[in-house]
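# Observations on the three-dimensional arrangement
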Amino acid sequence: MPDVFVNYRTGDEESTATMIARELARRFGSERIFFASHSIEPGHRFPTGLITAVEQCEALLAVIGRRWSEVQRASGRFTLENEQDWTRREIRTALHRGILVIPVLVGRATRIDRAVLPDDLRELADYQYRRFDHRNAETDLAALGDALARLLPELGAVDRRAQEAREKGEVKSREKSVRNGRGAENARMRMRDVEQRVRGGVGNLNGDLSGTFVNEPQGPVNTGRGHQYNAPHFEGDNTGVQFTAGDNSGTVHQRFERERRPSDGRR
């Protein structure tokens, strides 16, 4: 059952009525908004669909432009004068039912002149209206939706659920962003730690900290089991090279020295 019936006159602001119906359907759900060209399924009887919808809805929006009362039939008479005019019948049914009726004046349309209305629509001139201007379409559509959500409990509930869902989505998005940020920061900290170790003489050869690189050892180094690699360290006059070998369960030092001999020109 639709909550809101969008009423309009062919030849006067059909595009605006379409825009309003589309926005309300997006906000509240298409099943809650009745718009004749979209809501009546192919193969269904048009008159029956219109009457059923207007008799079931909780509110009717009468979209009224500058030509609303001036559109004429082929005979030259104003369409509004015809008792079987669908626009007139829909509004008449809503007024008779006593439901919420909101005239929506489009663009430069002025307040409805009671004198141009047939007797069964005269009270429409007394209803408080909303304005719609294409230059302020987004703001005016939002205001119209807000008014309906405030005046119709069912639409208000839909609006609140949608708002809660948006807020939950925003919270989850922020939490994910924080987690991603922390992960990236942890990765940066690990990289800085590795860089500092390398600069300080300790580095990782295997990429997973399963091996240790010791740069320029000045004495015995024991890191426990696992491979240990010491970079060459040249001392003093470069007469020797010191390095460490073994499985690191103990430390073996080997020192190779080239014996200094007087230079006599012979090898």
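Residues numbered from 1 in each chain as written. Predicted model: local features only at pLDDT ≥ 70, side-chain atom pairs only at ≥ 80, totals over all residues. Heavy atoms only, no water.

## Quick notes on the sheet that holds strand β1 (residues 4-7)
The strand order across the open sheet formed by 5 strands is β2-β1-β3-β4-β5, and the pairing between neighbours is parallel. Both outer strands of the open sheet, β2 (33-34) and β5 (130-132), are each paired with one neighbouring strand and no more. When strand β4 (residues 100-106) meets β5, the two strands line up parallel, connected through 3 bridges. Bridging across to β5, L105 finds its partner in R131. On top of the sheet, helix α5 (residues 137-151) reaches β1, β3 (59-64), β4 and β5; it is set at about 150° to β5, its chief contact. (Pairing = 2+ DSSP bridges. Helix = DSSP H or I, 4+ residues; strand = E, 2+ residues; numbered from the N terminus. Contact = heavy atoms within 4.5 Å. Axes fitted to C-alpha atoms, helices over the stretch in contact; angles between N-to-C directions.)

## Quick notes on unusual backbone geometry
With a phi close to 65°, E13 is a non-glycine residue in the positive phi region. Following the sequence through the fold, E13 ends up in the loop between β1 and α1 (14-28). The class of E13 is partly exposed, set by a relative accessible area of 25%. (Buried < 20%, exposed > 50% of the residue type's maximum accessible area, 1.4 Å probe, protein only.)

## Re the nonpolar core
By size, the foremost hydrophobic cluster in this structure holds 25 residues, and its most contacted members are V4, V6, I20, L24, L61, V63 and L148. Elements supplying a minimum of two residues to this core: β1, α1, β3, β4, α5 and α6 (153-200). Not counting residues up to four positions away in its chain, the partners in contact with V4 are L24, R32, I33, F34, C57, A59, L61, L148, L152 and L155. Grouped together as the second largest cluster of nonpolar side chains are 24 residues, L50, A94, I112 and L124 included. (Core = buried A, V, L, I, M, F, W, Y, C linked by side-chain atoms within 4.5 Å.)

## As for the pairing of β3
On a regular strand, each side chain points to the face opposite its neighbour's, so the side chains alternate between the two faces of the sheet. Here β3 lies mainly inside the structure; 6 of its 6 residues are buried. Residues A59, L61 and V63 point to one face of β3 and L60, A62 and I64 to the other, with burial holding for every one of them. With 4 bridges connecting them, β1 and β3 associate as parallel partners. Residue F5 lies in a different strand from β3, and its bridge partner there is L60. Handedness of the β-α-β unit built from β3, helix α4 (residues 86-97) and β4 comes out right-handed. (Right-handed = clockwise from strand over helix to strand, strands pointing away.)

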